[in-house]
Each structure stands twice: as C-alpha cells, then as structure tokens.
Amino acid sequence: MSNNTLNYRNAVILAPMVRIGTLPMRMLSLDYGADIVYGEELIDHKMLQCTRTVNELLGTIDFVQEDGSVVFRTCEKEANQVVFQMGGMGAALLSQPDKVRQILTTLVENVRKPVTCKIRLCPTLEETLHFCHLVESCGVAAVAIHGRRKEERPRHANHNDIIREIAHQISIPVIANGGSMDISSNADVERFRSETGCSSVMLARSAQWNASIFRKDGILPTNDVIRAYLKYAVDYDNTYENSKYCIQQILHEQLQTSLGFSFKATKSMADICQLWDMEGYLRDVTAARKQMETSLKRLHAASEADDGGRKHLKAAADDDNDNHVQMRVKFVRSDFREDKLPKTLLLEWRRRVRQPPAPFHTEERPSDRQFRSTVELDGKKYSSSLWAKSKKYAEHAAAIVCLRHLGVLSETVSSEQDTVESNGCVISTESCHAIEDV
Ligand SMILES: Cc1cc2nc3c(=O)[nH]c(=O)nc-3n(C[C@H](O)[C@H](O)[C@H](O)COP(=O)(O)O)c2cc1C
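A quick note: this is a predicted structure, and the numbers were derived from the prediction, not measured.

Conventions and cut-offs
- Residues numbered from 1 in each chain as written.
- Predicted model: local features only at pLDDT ≥ 70, side-chain atom pairs only at ≥ 80, totals over all residues.
- Heavy atoms only, no water.
- Helix = DSSP H or I, 4+ residues; strand = E, 2+ residues; numbered from the N terminus.
- Buried < 20%, exposed > 50% of the residue type's maximum accessible area, 1.4 Å probe, protein only.
- Contact = heavy atoms within 4.5 Å.
- Areas by Shrake-Rupley, 256 points an atom, 1.4 Å probe, with all protein chains shown as cover.
- Near = heavy atom within 4 Å.
- Polar contact = N/O pair within 3.5 Å; in protein donor to acceptor, adjacent residues only side chain to side chain.
- Nonpolar A, V, L, I, M, F, W, Y, C, P; charged D, E, K, R; others polar.
- Salt bridge = Lys/Arg side-chain N within 4 Å of Asp/Glu carboxyl O.
- Pairing = 2+ DSSP bridges.
- Right-handed = clockwise from strand over helix to strand, strands pointing away.

Student: I tried to follow the overall build of the protein on my own but got confused; where do I start?
Tutor: On a plain count of helices and strands, the protein comes out with 17 helices and 14 strands. Every one of the 438 residues in the protein was classed for burial, and the buried ones make up 50%. Partitioning the contacts of the protein with sequence separation of at least 6, the portion at a separation of at least 24 is 67%. Accessible area for the protein stands at about 21,300 Å²; split by element, carbon and sulfur atoms hold 49% of it.

Rendered as structure tokens:
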C-alpha cells in the first residue's frame, strides 16, 4: 500500500527485502534515484500488535510492539514513495486464488491508498496469465512479477519472456522483477526494462549489494555507499544488528578481505562507524539527540506537571481568535546562543519539514517607534502582545511564541501537526530557558 500520489509507470523500484528494506536503506535508495521503495515484508498480525507512535526525537513515525521493539519506522521524507508490504510467506497464495481475490478485494475496498500485488510465476504461462487477470479484476494499481517459479532458485535464469507476455496482455502496470543477476549498471536496468517490455522495474539483490545502482550517473564504490548508509543508520537510530546485516550484504564480495574481517569483529555501532571514519558523526548525533531529549522532556514536563501554568499561559495569551496565538513574550538576547536564535530555530524547523520559511510581518508604533511582529505558519498567526525595541527583536519574540506554542501543545495537537513536530523539533536547551512568559 502506498500514498495516492504514487505512479507505478516508468518507475525504478527498491524491491521488498526482509531485514534490508528498513528505513536507512530506503532513504539511501531514494537519494540515489529510486522512484518507489518497498519496506520489508511484514505480517498483518504483527502490525496489529503494534502501537503507532510519534517519535519526536528522530522525526519518525514508529510502529512499536509491547516489548518496545520497532516493527516499522517511517518518516515524512519518504511518505510519497514508500510502499508497505504485507506478506503471506513464500509463494503460498499462488495456489489459493479465492483467498487472493478475497484479500485483494477487501484491501482495495477498505484502504484509501492504492494496493499492489507481487507474485512469482505459476507453473505455466496460461496459469500465470489467469492469475494476473484475477489480480487485475480486484482493482489493484499494479502487479510486480518476479520471473521465477516457486521451486526455482535465485541463481536460475529469470523468465523475462513470460513477464513480457503478461505485460502485453494485461492493462494495469506490470513491474518486472528478478533480473539482478544480470544487473550491475544503469544500462543493465534499461536492458531489463526493454527485455521484459515493462516500463517499471524492481531491483532486490543488485540494490542490496550496492544501492547506488539507482544512480543514472553510475555506480559508486562500496565504501562511499556504506558511509552514506551509516549516516542514515545513525540519523534514524537503526539497530546495530540490522545495520550490521545490511552492511554485510553491501560488503559481500569483500568479506574475506582484512576490512571484511575487521567488520565481522565489530560489536557495536561505534565499532562499525570507526571502520569508516564515522565515529565523530555518531558522537555528534548522539550528543545532539541527548540535548534534544532533555529539551523535549522539559517541554513535556512543563505541560504535564504544570497544567496550571499552561492554563495561565493560555489565559495570558490574548487569543480571542483561534487562528491568532498571542503570548506576553519578550526576546532576551543573552538567553540565546548566536547560532540558535529563535528565528534560526524556526527556519531550521521549516527546512527539516521541507516547508518554505514562515513569513514575518512587522508593524511600527509611531508614538514611541516600538515594533510588533507576526509570523504566519500553516494558516495560524503568532505574535507577542508586547512591543519590542527593534524589528529584529519583535520578530524573535514572534518566533518564540510560535515555537513555544507548538512545543507546549505537542502531545495534544492534530496528527498533521504531529508530523510537523516529529520531523523537525530541534529546540535547544538554551531556547527552552528563554521561551518564558514574562
Ligand atoms: C534478502 C532478501 C529478502 C527478500 N525479502 C522479500 C520480501 O520481504 N518480500 C518479497 O516479496 N520478496 C522478498 N525477496 C525477493 C525479492 O523481492 C525479489 O523478488 C527477488 O530477490 C528477485 O529479484 P532480484 O533478482 O532483483 O534480486 C527478498 C529477496 C532477498 C534477496
């Protein structure tokens, strides 16, 4: 299932792969040029045991089991390109067409996102065609075909001719899959596309070994790919075990080299990062995350424990209009670091959620040449009810109101705001001190 904006024609796609298709690999593949990325296959009842959680620290949405393990982690950046795969283990469903019809029809009728289906070949072309017509009749948006039969192994030749015939005969997009053994360059991807007669192709192993296969400008050395992968693994706090597994696949031909042996001996993310000179990056991200965790805890504690205080803030807010949030806030310069001024924090936040800078409007009071600013964000206006001595100070005060409002109300805001908050709340400890009602 995926977002409505997904287009399954003319796409190069990261295939679903257990353990490989976690967030860092998906992000990396998108960076290199993949149009669509599938997550690893997950089983429906496992998802049903999960709680959807906004992870403010990482800027992600997590589906978390009772024991705290994250089953699926996603983020705003991949929202329009990620596909969530629910699996039925192996190719078992190929011989149960009635069940397939039931599952697909139920999904298509009840899910607002387009539903796609990935299959292997049936024993004969006719049976495969029959199956594909059934899938098509259920209203799915596309069918991905791995051109091997159930009993055929990955080293066996892929039946590109059968995929071609099916793509010719059915009208929904057919996504060709199974070509990795012959794919090690962008030209090979194009050849696979033309041999199968499909406008879209899906890559598993060739992307697992080197995700830069998605690059139009040529494949990158594995060490570059590993560094880029590690960056995402650190950014999204991917587990050491999963990161090690993925890097092991990238290294596969180099596992018997001295680098490979050192890699196998690693026991932590820090060990892995050290091998690729990324220990400084890991240290910086960990420190920033700790700082942010403290900030978030303060914000939450302030809003939970001091509910009275919050009421006071709300009352103090001259908020006669739902779309205009006002607080008695004064910008105190000495409370902020030079590189973490309120306007900068707000700008960084907007950047992280891929939104344009929020516009400020400033008025001047002629009687005493004092200033008051309003910042507009997502249809809401934020301003201080106090006048300031300069335009800049007035803008910082408005930015503080905005940050304060979003931060303090983080646990009660709508899901849309949750997403914004989850993706960019970088409020330093300093700014939290300073965001005070005066
Ligand atoms: C490590 C690994 C994990 C896989 N996990 C899944 C999966 O979760 N769901 C699925 O439909 N296929 C899975 N597959 C199969 C691939 O999606 C793909 O159909 C197969 O590898 C053939 O494509 P290729 O030649 O590009 O590798 C997996 C393959 C590999 C190598």
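Student: Hey, could you run me through the site of the ligand in this one?
Tutor: By nearness alone, 16 residues border the ligand, and Gln-85, Asn-177, Ser-180, Ala-204 and Arg-205 come closest of all. Contact between the ligand and Gly-179: an oxygen atom at 3.4 Å from a main-chain N or O atom of the residue. With respect to the ligand, the side chain of Ser-180 contributes an N or O atom lying 2.6 Å from an oxygen atom. In the shell around the ligand, the residues fall into 6 nonpolar, 7 polar and 3 charged.

Student: What is the right way to read the pattern of salt bridges from this model?
Tutor: Using the criterion set out here, one finds 18 salt bridges in the structure. Residue Glu-190 pairs with Arg-193 through a salt bridge whose shortest N-O separation is 3.1 Å. Separated by 3 residues within a single helix, Glu-190 and Arg-193 lie in helix α6 (residues 186-196), roughly one turn from each other. On the basis of relative accessibility, which here comes to 35%, the residue Glu-190 falls in the partly exposed class. Judged by relative accessible area, Arg-193 falls into the buried class, the value being 16%. We note a salt bridge from Arg-333 to Glu-338, for which the minimum N-O separation is 2.7 Å. Through salt bridges with shared partners, a single ionic network connects Asp-188, Arg-191 and Glu-195.

Student: I keep staring at the pairing of strand β14 (residues 380-384) and nothing clicks. Help me out?
Tutor: Most of β14 is tucked away, with 4 of its 5 residues classed as buried. Summarising the sheet, strand β11 (residues 324-327) and β14 pair through 4 bridges and their orientation is parallel. Among the inter-strand pairings, Gln-326 is bridged to a residue of β14, identified as Ser-383. Pairing of strand β13 (residues 370-377) with β14 involves 4 bridges; the strand directions are antiparallel. When the bridges of β14 are listed, Val-375 appears paired with Tyr-382. Where β13 folds back on β14, the antiparallel hairpin that results is connected by 2 residues, among which Asp-378 adopts a positive phi of roughly 50 degrees.

Student: Just checking my understanding: could you explain the environment of Ile-183 for this structure?
Tutor: Along the chain, Ile-183 falls in the loop between β9 (174-177) and α6. Among the residues examined, Ile-183 registers a relative accessible area of 6% and is labelled buried. Taking the C-alpha atoms as reference points, Ile-183 and Ser-206, separated by 23 residues in sequence, lie 6.4 Å from one another. With sequence-adjacent residues up to four places away left out, Ile-183 is seen in contact with Asp-188, Val-189, Phe-192, Leu-203, Ser-206 and Ile-213.

Student: Help me understand the pairing of strand β8 (residues 142-149) in this model?
Tutor: Within a regular strand, side chains alternate between the sheet's two faces. Among the 8 residues that make up β8, 8 are buried, leaving the element largely enclosed by the rest of the structure. Strand direction decides the pairing type here: strand β7 (residues 116-121) and β8, joined by 6 bridges, are parallel. Each residue of the ladder has a partner; that of Ile-119, found in β8, is Ile-145. With respect to chirality, the unit in which β7 leads through helix α4 (residues 125-137) into the neighbouring parallel β8 is right-handed. The handedness of the β8 to β9 crossover, carried by helix α5 (residues 160-169), is right-handed.

Purely spatial values, then, with no claim about function.
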